[in-house]
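Breakdown of the fold
Chain residues, written in single-letter form:
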Amino acid sequence: MFDVIIAGCGPTGAMLAAELRLHDVRVLVLERETTPASFVRIVGLHIRSLELMAMRGLLERILPHGRQRPAAGFFAAIAKPVPKGLDSAYAYLLGIPQPVIVEVLEEHAIDLGAQVRRGAAVAGIEQDDEGVTVELADGERLRSRYLVGCDGGRSTVRKLLGVGFPGEPARTETLMGEMEVGAPQVEIAAKVAEISQTHRPFWLRPFGNGVYSVVVPAAGVSDRQVPPTLADFQQQLRAIAGTDFGVHSPRWLSRFGDATRLAERYRVGRVLLAGDAAHIHPPIGGQGLNLGIQDAVNLGWKLAAQVRGWAPETLLDTYQGERRPVAEDVLDNTRAQTELLSAAPGPQAVRRLLTELMDFDEVNRHLIEKITAVGIRYDFGPGPDLLGRRLRDITVKQGNLYDLLHRGRGLLLDRTERLTVGGWSDRVDEIADPSADLDVPAVLMRPDGHVAWIGDDQRDLDDHLSRWFGTPTD
Ligand SMILES: Cc1cc2nc3c(=O)[nH]c(=O)nc-3n(C[C@H](O)[C@H](O)[C@H](O)COP(=O)(O)OP(=O)(O)OC[C@H]3O[C@@H](n4cnc5c(N)ncnc54)[C@H](O)[C@@H]3O)c2cc1C
C-alpha cells in the first residue's frame, strides 16, 4: 500500500514525487516507457520555475546544463528588450534540454526516497472510500490512498476518470527539429529576417557548434501518423526560402499541433490530474513544462497534508481552485500569441500595434510576467497586493530566503520579533528578522512560496495558520 501513486515520470510527475517525499509520503511513480525519452527538445525554464528550483536547492544542479538568455522577446516572438524592474533574483530564461530537467528531478525524487518503476503503464483504476486500485497493462494490481495522473496530454488516467477535455483541435501543425546547417550564419540570418516577416511559423536559430533549431509549417507534409524526416524539412525549407540551407545530421525531429484543451476537473475523489494531463496548448512562449512543474509544487504539500492527516477540509480542493484559472490564462495567452503569428493582414496589423505598445515598459513587463508566471496572484481574499503572490528571494539574516524553503515547509518571516507559529512548529518554520527586506511587518509563506498572510497581530496569524495548516499540536 502506497500513500500516493503517480502515473507518469515526466517533469510534472518527477517534481510531484519529490515534493511529496519532503513530507515523508510513501510514493510510487509508474512510468510507461522503459528508458528515459531520447529526443532532446530544448525548452525554456522561466523565472518562476527557476525560483522554485532555487527554493528546493536544485538550481545549482540545473544551471550547468543550460544557457542563460535574456528574459525578453518570447511573447509571440516579438523582439523587445528585457523590461525594467523584473522583480526576481533569477530574471533570465534558461534554455535547457527537457531530458536533463526530467533526469535531475527524477534523481532528486529518488534521493528523497521515491520509488520509480519504468515499463509500468497504468491501464485501469477503481476507487473506493479508502483508496485507489491501479491496474497495470500486464494485469498487476497496486493499491494507494491517492493517484495523480501526470501522464501527459493523452492521459490514460483522465480518460479512465471520464473527465472531459474540451477545447479546440489542432488547426495547424508544425515541424520542429534540431540539425546541423551547412550555409554560413550571415546568409541564414539575412534570409530568416526577410522570410519571417511573411511566413510563420518559421525560424532557424543557432544553438552553437553549427546546430540549429529549425521550425517550418507542416502543411503539405503528408501523413501525420508517420514521424517527419529530414527530407520533409528540406522540402519545406526549399518551398519557403528557395534553399534548404544545407541542413543535415538531425539530432531529433518532431511534429506538433496547436490543440488547446483544459480538463473540466482536476480532481475526482482520490484521483487528481496535473501537468499536460490537465491542460495542453501550443508551445509558443514555452510554458507547458513550467506550468506542470508549478502544478506539482502547488499540489505536493496539500496532498501531503491530506495524507498526513493535518489538512484543513478544503485544502486539497484549493489545488483546482488556484491552478485551473492559471492554466486558463496560459491557454488564452497561447491562443492570442498564435493569432499574432498568423501571416494574414488582420493579425499582422494587430501584431504591429502590439509591437508599438510593448515599447511602454509596463506593457512589456506585464506580458513577460504573465509568461514567466511571476505575475500570478491567487485569490486569498481581500488584502494588500502581495497577498496571494509569490515572495521574491530576499536577503535575510541567515542568507537567502529561498535557502530556508528547501524542506517544503511553511515559513513565518517576522520583522516585529513578537510573533510565533506556536503549535504549528512541526509544519511551519519561523524567523524573526527586523532587517528583512520587506515593507510589511510579517508574512506567512506557504510551502510553495506564496504569501498566505500579512500583518502583525498574533490572533489573526493563528487564524491563518489554522486556515492553511490545520489544527495545532499541543
Ligand atoms: C515542440 C515543443 C516545444 C516545447 N517547448 C517548451 C518550452 O520551451 N517550455 C515549456 O515549458 N514547455 C515546452 N513544451 C511543452 C512541454 O514539453 C510539456 O508541457 C511537458 O513535457 C509536460 O510535462 P508532463 O510531465 O506533464 O507530461 P509529459 O512530459 O508528457 O510526461 C508524461 C509521462 O507519462 C508517461 N505516461 C503516459 N501514459 C502513461 C501511462 N498510462 N502509465 C504510466 N506512464 C504514462 C509518458 O511516457 C511520459 O513520460 C514544448 C512542447 C513541444 C511539443
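Below, the structure is looked at part by part. Keep in mind the model is a prediction, meaning the values are calculated, not measured. (Residues numbered from 1 in each chain as written. Predicted model: local features only at pLDDT ≥ 70, side-chain atom pairs only at ≥ 80, totals over all residues. Heavy atoms only, no water.)

**Things to note about helix α1 (residues 11-21)**
Heads up, the condition is: Using a 1.4 Å probe on the protein chains alone, a residue whose accessible area is under 20% of its type maximum counts as buried, one over 50% counts as exposed, and one in between counts as partly exposed. Secondary structure elements are taken from DSSP: a helix is a run of H or I of four residues or more, a strand is a run of E of two residues or more, and numbering for both begins at the N terminus. Note on definitions: a residue-residue contact is assigned when non-hydrogen atoms from the two residues lie within 4.5 Å.
Where burial is concerned, most of α1 is hidden: 11 out of the 11 residues are buried. Within α1 the residues assigned to the buried category are Pro 11, Thr 12, Gly 13, Ala 14, Met 15, Leu 16, Ala 17, Ala 18, Glu 19, Leu 20 and Arg 21. Buried residues along α1 sit in contact with β1 (2-7), β2 (27-31), α2 (47-55), α4 (98-111), β9 (141-149) and α8 (288-308).

**Notes on the site of the ligand**
Rules: The nearness test applies per residue and asks whether one of its heavy atoms lies within 4 Å of the molecule or strand. Residues adjacent in sequence count toward polar contacts only when both atoms are side-chain atoms; beyond that, a polar contact is any pair of N or O atoms within 3.5 Å, and within protein one must be able to donate a hydrogen and the other to accept it. Each accessible area is a Shrake-Rupley estimate made with a 1.4 Å probe; only the visible protein chains count as cover when residues are assessed. Only Asp, Glu, Lys and Arg are considered charged in this grouping, and only Ala, Val, Leu, Ile, Met, Phe, Trp, Tyr, Cys and Pro are considered nonpolar; every other residue, Gly among them, is considered polar.
Around the ligand, the structure places 29 residues, and the nearest of them are Glu 31, Arg 41, Gln 98, Leu 289 and Asn 290. A distance of 2.6 Å is found between an oxygen atom of the ligand and a side-chain nitrogen or oxygen belonging to Glu 31. The backbone of Gly 288 places a nitrogen or oxygen atom 3.3 Å from an oxygen atom of the ligand. Calculation on the ligand without its partners gives an accessible area of 1,000 Å², and the protein chains cover 87% of this total. For the shell around the ligand, the secondary-structure elements that each account for two or more residues are α1, β2, β3 (42-45) and α8. Considering each element in turn, the shell around the ligand owes the most residues, 3 residues, to α8. Residue composition of the shell around the ligand, by class: 11 nonpolar, 12 polar and 6 charged.

**Notes on the side chain of Asp 258**
Its location among the elements puts Asp 258 in the loop between β14 (248-257) and β15 (260-262). For Asp 258, the side chain forms a polar contact with the main-chain nitrogen of Arg 171, separated by 2.6 Å. Engagement of the side chain of Asp 258 in a polar contact is seen with the backbone nitrogen of Thr 172, the distance being 3.2 Å. Apart from the residues lying within four places of it in its own chain, the contact partners of Asp 258 are Pro 169, Ala 170, Arg 171, Thr 172, Pro 282 and Thr 338.

**Some points on the packing of α8 against helix α9 (residues 318-340)**
Operational definition: To obtain an axis, a line is fitted to C-alpha atoms, over the contacting stretch when the element is a helix, and the angle between two such axes runs from 0 to 180 degrees between their N-to-C directions. Roughly parallel means an angle under 35 degrees; roughly antiparallel means over 145; roughly perpendicular covers 65 to 115; every other angle is labelled oblique.
Packing of α8 against α9 leaves a shortest axis separation of 10 Å and a crossing angle of 170°. The angle between the axes of α8 and α9 places the two elements in the roughly antiparallel class. Seen from α8, the contacting residues are Leu 291, Gln 294, Asp 295, Asn 298, Leu 299 and Lys 302; seen from α9, they are Thr 318, Tyr 319, Glu 322, Arg 323, Val 326, Ala 327 and Val 330. Here the residues of the contact of α8 with α9 are counted per class, giving 6 nonpolar, 3 polar and 4 charged.

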